[in-house]
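# Structural overview for review
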Amino acid sequence: MVKNKGKSKMPSASFTSTRSYLRRSRRKVANRIPLLSRSSSEEPCELICQVFNQSMPGAGSTSSGSTATGASSSSTSSTATAAATTAAVAGSTNTPDVNGGGSGGSSSNSSNGSSSSHHSPYDLRRKSPPHHYAAASTSGTPLSSVSASTNYSASMLPARKRPRRTCSVTNETCSAISAAHYLQYELPAEVLLVIFGYLLEQDLCRVSQVCKRFQAIANDTKLWKNLYQSVYEYDLPLFNPAPCRFEFMSRDVPGHLNPWKESFHQLYRGVHVRPGYQDLTFQGRNISYFNTVQGALDYVDERGTVGSGSSDGSSGHSSLVFLHAGTYRGEFLVIDSDVALIGAAPGNVAESVVLERESESTVMFVEGAKQAYAGHLTLKFSPDVTSTVPHHKHYCLEVGEHCSPTIDHCIIRSTSVVGAAVCVSGVAANPVVRHCDISDCENVGLYVTDYAQGTYEDNEISRNALAGIWVKNFANPIMRRNHIHHGRDVGIFTFDNGMGYFEANDIHDNRIAGFEVKAGANPTVVHCEIHHGQTGGIYVHENGLGQFIDNKIHSNNFAGVWITSNSNPTIRRNEIYNGHQGGVYIFGEGRGLIEHNNIYGNALAGIQIRTNSDPIVRHNKIHHGQHGGIYVHEKGQGLIEENEVYANTLAGVWITTGSTPVLRRNRIHSGKQVGVYFYDNGHGRLEDNDIFNHLYSGVQIRTGSNPVIRGNKIWGGQNGGVLVYNGGLGVLEQNEIFDNAMAGVWIKTDSNPTLKRNKIFDGRDGGICIFNGGKGVLEENDIFRNAQAGVLISTQSHPILRRNRIFDGLAAGVEITNNATATLEENQIFNNRFGGLCLASGVRPIDTDNKIFSNQDAVEKAVANGQCLYKISSYTSFPMHDFYRCQTCNTTDRNAICVNCIKTCHAGHEVDFIRHDRFFCDCGAGTLTNQCQLQGEPTQDTDTLYDSAAPMESHTLMVN
């Protein structure tokens, strides 16, 4: 490109505006001067001259010519300005040219034939008298001959105190001075404002250089607004503070008292595409007009640029092309230079300026467009549906390699059913796309591929037939604050090693996932809101990667996050909530790092792991789910550590169907059912967890499940600590099981766990309760301070107790009843209140090397002292002793009476000995007809219970 030595610009005149002159000069002007309408053929300066009824000397010329591209430009003569008028009166004309330099003009001699020296328009402000007066005094000529009514002293007075001058038309010098004085000081400001309204921008800048009064009036905001809107048509001033940056400003711009004038100054270097204006000329204006966009671009290329900015010091583009309202069809625009294309229209600018094509790409930026700009335009690609020309490589907007244009406030539409509306491809393709509307396209909205980059901010991308955004093949864009919604496919799709940084985007109501990652893609997604997807929120599959950090993922119809088929993303510090199904769903050998997330309020499990998936789940909060917290099934795996799982409707953690996760150092609490639930061959390891305050048991194991439960604290369960039933297995080692409302450990219905080195204490019921055919091996456990028996064995159960210590119980140490038996080896049973080993009638355990000592034997002592056993048991304990029924008192099969009440309260009655077993005395409890004579007032009653209350079992709810 060839650079010209200079370029047209608006004369620079930066002055401080003041309205004081206007306020001082407001007078009635209706009778001063007849105002001319804009249809007058006279020039504005001729209007000024009409005030004085005299001919003002001056010279002028008007020239117009065509550029190589047919552009029409005009330059204004000096006769069109008041500055030229006053200079001519001073004796010489030398007006500044359009570019601010000087240009020669015709000279005018005084009446005596002498040539006057050059004087600037600013000479009119001098305080000393002109040399005409000095010459007259020196030659002895009376001052009255120069002016009949003007003298030097009067000229020194302020304007409002000077006498009105009456000039003699016979004295040329006096007339000129008087006219200049009246023009500057006496002509009302309102008249000058009307006159200046006829001037165009260059003349207005020149006339502002005459004097301070002219400067103030010529800087009037409304004057420049009208002038500005006649050229640019904008409703607000448009500023160009930096390359590739155009901003509409409010009328109050810091640092600029007249923003319309400042905007005019910044944009004046531009050319205009305005059909019908190309052949027009305007005096006082140097603007080039064109009928076509291509004509303007050719002109700009020929003219070239001067440096990286304009020569007047502004920091914006040196090549500006303004496209005025209209639809420009069929122009194939290839931009390879740093030109700025800007829509110019009132109202919504972009909607009024349309570029449209039916074949090829509408606008292409190629190598060389480093700082090109397109803004406030509508770009359309509308191929003929009957055409056989393939359009899969044609786009509405195309950005190629090695260029970095800025696309700003554009509306982009494409009806092509293939390709994309916007395509950015190639090495070093690095555009800035911001505030654009890419919507209602019949294909992909934005496609970034083949190592391209770019920054995409604050765009509206919606209702597209395919994905809102595609990122592919090592492309690595930055996308911030975009609104991507209501797409008929996925919101954002990264695949085939696509990357990208996605921040603070709002992605919602897309038909498929809000964000999809596939085939080695590795995006970074932070601070986005992904919600109300018609399927899921985030879908990572087929070896997908990605980092999803600090996002809000909620209210999606399926899972908030799906991870499958060997994908391994990082899901960190997100809020995943209110999903219509689960929170995070990992299946089909999926992996992933799921950490520091807040997962709550989902309809299904907060995290679901299945089908050989093996994620790392740590430091999450999983709570208030309408289902369970974590659900591991169908051979699911995973390392689940240091999470807080609480207040879920079903189990905190479910492990089933061959799954083998590792749960370590989690806090699992306050659930409405079970804490950790192993069933249907669920396995895995439960280590160093804190499991507490569940409505059911802390841990349940059933139906072939065989976990390792080691080093946990299991407490506060309303239905016991650990429940093993229906063929459950498991190894429980070194756990602390305490403060549970029912038994610390329940073993029932053919279950056979192993309990080693556990501490089971402070239970509000028994320590370990084994019944209904339960088995198990209990070795080296410490069982102490429980409210009921340390170990209760009942109903055909047969466990092995080996080397346990059972002590400080509030009832018996070991009780065996209801046809159960046991193998007792090397146990120590001591300091229990009711006794050490209590055997019901017919029980014959295998007793080997047990040490039973220092028990309190409170039952035997109470019987020996003639007390009712209810006195020591109340209705909360079940001491083991002989019990009877009274036929005379019609007691039922559920009633039991202790031996001392039979002797005292039922003496002489017909009684039956039932057996030696666990019971509390109904006579002492006051539930029989006769009041107990050994006990005080009767208490509330329950029938005698021979065993502790049965635990509640969880009912499996299968989830697919």
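The structure contained in this document is the topic of the report that follows. Predicted, not measured: the structure shown is a model, and the values here were computed from it.

The subject of this paragraph is the overall build of the protein. Within the protein one finds 18 helices and 77 strands. For the protein, with 960 residues in total, the buried portion stands at 55%. Sequence-distant contacts in the protein: of pairs separated by 6 or more residues, those separated by 24 or more amount to 55%. Accessible surface, the protein as shown: approximately 37500 Å² in total, 48% of it carbon and sulfur.

Of the two faces of strand E48 (residues 653-656), the one carrying Val 653 and Ile 655 and the one carrying Trp 654 and Thr 656 are both buried. Note: strand E45 (residues 630-633) against E48, three bridges, orientation parallel. The partner of Val 632 across the bridge, within E48, is Ile 655. Direction of pairing for E48 relative to strand E51 (residues 676-679): parallel, over a ladder of four bridges. Within E51, the position partnered with Trp 654 by the bridge is Tyr 677.

Where burial is concerned, the two faces of strand E60 (residues 745-748) agree: the one with Val 745 and Ile 747 and the one with Trp 746 and Lys 748 are both buried. Looking at chain direction, strand E57 (residues 722-725) and E60 are connected through three bridges and run parallel. Residue pairing in the sheet places Val 722 in a bridge with Val 745 of E60. Across four bridges, the pairing between E60 and strand E63 (residues 768-771) is parallel. Opposite Lys 748, over in E63, you have Phe 771 as the bridge partner.

This paragraph deals with the packing of aromatic side chains. All chains considered together, the criterion is met by 42 aromatic pairs. Centroid distance Phe 502 to Phe 515: 5.1 Å. Interplanar angle 90°. Geometry classified as edge-to-face. Placement of Phe 502 in strand E28 (residues 501-503) and of Phe 515 in strand E30 (residues 515-518) is noted, with a sequence separation of 13 residues between them. Residue Phe 502 shares its accessibility class with Phe 515, and that shared class is buried. A centroid spacing of 6.1 Å and a plane angle of 75° characterise the contact between Trp 654 and Tyr 679, whose relative ring orientation is edge-to-face. Highlighted residues: Trp 654 in strand E48 and Tyr 679 in strand E51, separated in sequence by 25 residues. In terms of burial, Trp 654 and Tyr 679 fall into one category: buried. Through a chain of ring-to-ring contacts, three or more aromatic side chains come together here, namely Trp 224, Tyr 228, Tyr 232, Tyr 234, Phe 248, Trp 260, Phe 264, Tyr 268 and Phe 322. Positioned above the aromatic ring of Tyr 277 is the side chain of Arg 274, whose terminal nitrogen or guanidinium carbon lies 4.4 Å from the ring centre. When the ring centre of Phe 282 is taken as origin, the NZ or CZ atom of Arg 285, which lies over that ring, is 5.5 Å away.

With that settled, consider the packing of helix H11 (residues 221-231) against helix H12 (residues 259-267). Contact pair H11 / H12: the axes reach a minimum separation of 8 Å and the direction vectors enclose 40°. If you check the angle between H11 and H12, you find them oblique. Of the two possible hands of crossing, H11 and H12 adopt the one that is left-handed. Between H11 and H12, the contacting residues are Thr 221, Trp 224, Lys 225, Leu 227, Tyr 228, Gln 229 and Val 231 on the first element and Trp 260, Lys 261, Ser 263, Phe 264 and Leu 267 on the second. Its residues placed into classes, the contact of H11 with H12 shows seven nonpolar, three polar and two charged.

A separate point is a nonpolar patch on the surface. A surface patch of nonpolar side chains, amounting to about 280 Å² of accessible area, comprises Val 427, Tyr 451 and Phe 474. Topologically, Tyr 451 is positioned in the loop between strand E21 (444-449) and strand E22 (455-457). Of the residues examined, Tyr 451 reaches a relative accessible area of 46% and is grouped as partly exposed.

Take the pattern of salt bridges next. In this structure the tally under the stated criterion is 35 salt bridges. In this structure, the salt-bridge partner of Asp 550 is Arg 573, at a minimum N-O distance of 3.0 Å. With Asp 550 in the loop between strand E34 (547-549) and strand E35 (552-554) and Arg 573 in the loop between strand E37 (570-572) and strand E38 (575-577), the pair connects residues that are 23 residues apart, well separated along the chain. Looking at Arg 573, the relative accessible area reads 43%, which means it is partly exposed. Salt-bridge contacts for Arg 667 lead to Glu 644; the nearest nitrogen and oxygen are separated by 3.8 Å. Placement of Arg 667 in strand E50 (residues 667-669) and of Glu 644 in strand E47 (residues 644-646) is noted, with a sequence separation of 23 residues between them. We classify Arg 667 as partly exposed; its relative accessible area is 38%.

Even without being glycine, Cys 244 reaches a positive phi, approximately 65°. Relative to the helices and strands, Cys 244 is located in the loop between strand E3 (238-242) and strand E4 (245-248). On the basis of relative accessible area, Cys 244 is assigned to the buried category, the value being 9%. For Glu 542, which is not a glycine, the phi torsion comes out positive at approximately 50°. By the secondary structure assignment, Glu 542 is in the loop between strand E33 (538-541) and E34. When its relative accessible area of 39% is taken as the criterion, Glu 542 is described as partly exposed.

Here we take up the nonpolar core. Side chains of a nonpolar character, in soluble globular proteins, are inclined to be buried together. If you look at the biggest cluster of nonpolar residues, it comprises 189 residues, and the most contacted ones within it are Phe 196 and Phe 365. Sequence-distant contacts of Phe 365, defined by excluding residues within four places in its chain, comprise Ile 335, Ala 372, Ala 374, Leu 397, Glu 398, Val 399, Gly 400, Cys 403, Pro 405 and Ile 407. Core analysis: the next-biggest nonpolar cluster, separate from the first, contains 18 residues, Tyr 677, Leu 723, Trp 746 and Ala 789 among them.

Looking now at the sheet that holds strand E75 (residues 880-886). Read across the open sheet, the three strands follow the order E76-E75-E77; overall the sheet is antiparallel. Pairing within the sheet leaves two strands with one partner each, and these edge strands are strand E76 (897-898) and strand E77 (911-918). Summarising the sheet, E75 and E77 pair through seven bridges and their orientation is antiparallel. Residue Tyr 884 lies in a different strand from E77, and its bridge partner there is Phe 913.

Glancing now at the side chain of Arg 802. Positionally, Arg 802 belongs in strand E67 (residues 800-802). A distance of 2.3 Å separates a polar atom in the side chain of Arg 802 from a polar atom in the side chain of Glu 779. When sequence neighbours within four positions are dropped, the list of residues in contact with Arg 802 reads Val 777, Leu 778, Glu 779, Glu 780, Glu 825 and Asn 827.

Among the structural elements, Asn 556 can be located in the loop between E35 and strand E36 (561-564). For Asn 556, the side chain forms a polar contact with the main-chain nitrogen of Gly 533, separated by 2.8 Å. Setting aside residues up to four positions removed in sequence, Asn 556 forms contacts with Ile 530, His 531, His 532, Gly 533, Thr 535, Gly 536, Gly 537, Asn 578, Gly 579, His 580 and Gln 581.

Scanning the model with the defined rule gives zero disulfides in all. Summary of cysteine pairing: Cys 436 is not part of a disulfide, and the nearest cysteine sulfur, belonging to Cys 410, is at 4.7 Å. Note on Cys 932: no disulfide assigned, nearest cysteine sulfur contributed by Cys 901 at a separation of 3.6 Å. You can call Cys 932 buried: its relative accessible area is 6%.

What follows deals with helix H13 (residues 293-303). Every buried residue of H13 is accounted for by Val 293, Gly 295, Ala 296, Leu 297, Tyr 299, Val 300 and Arg 303. Just downstream of H13, Gly 304 is the residue with a positive phi angle, here 75°.

Bringing the environment of His 272 into the picture now. Residue placement: His 272 occurs in strand E5 (residues 271-273). Note: C-alpha distance between His 272 and Ser 288 (16 residues apart in sequence) is 6.2 Å. If near-sequence neighbours (up to four positions away) are discounted, His 272 is found in contact with Val 231, Tyr 232, Ile 287, Ser 288, Tyr 289, Phe 290, Phe 322 and His 324.

The subject of this paragraph is the environment of Ala 504. By the secondary structure assignment, Ala 504 is in the loop between E28 and strand E29 (506-508). Along the primary structure Ala 504 and Asp 458 are separated by 46 residues, whereas in three dimensions their C-alpha atoms are 9.7 Å apart. Apart from residues no more than four positions distant in its own chain, Ala 504 is found in contact with Arg 481, Asn 482, Val 526, His 527 and Cys 528.

What counts and what doesn't
- Residues numbered from 1 in each chain as written.
- Predicted model: local features only at pLDDT ≥ 70, side-chain atom pairs only at ≥ 80, totals over all residues.
- Heavy atoms only, no water.
- Helix = DSSP H or I, 4+ residues; strand = E, 2+ residues; numbered from the N terminus.
- Buried < 20%, exposed > 50% of the residue type's maximum accessible area, 1.4 Å probe, protein only.
- Contact = heavy atoms within 4.5 Å.
- Areas by Shrake-Rupley, 256 points an atom, 1.4 Å probe, with all protein chains shown as cover.
- Pairing = 2+ DSSP bridges.
- Phe/Tyr/Trp six-rings, centres within 6.5 Å; stacked < 30°, edge-to-face > 60°.
- Lys NZ or Arg CZ within 6 Å of the ring centre and 35° of its normal.
- Axes fitted to C-alpha atoms, helices over the stretch in contact; angles between N-to-C directions.
- Parallel < 35°, antiparallel > 145°, perpendicular 65-115°, else oblique.
- Left-handed = near helix turned anticlockwise from the far one by under 90°.
- Nonpolar A, V, L, I, M, F, W, Y, C, P; charged D, E, K, R; others polar.
- Patch = residues over 30% accessible without salt bridge, like charges linked within 9 Å, V, L, I, M, F, W, Y side chains within 5 Å.
- Salt bridge = Lys/Arg side-chain N within 4 Å of Asp/Glu carboxyl O.
- Core = buried A, V, L, I, M, F, W, Y, C linked by side-chain atoms within 4.5 Å.
- Polar contact = N/O pair within 3.5 Å; in protein donor to acceptor, adjacent residues only side chain to side chain.
- Disulfide = S-S within 2.5 Å.

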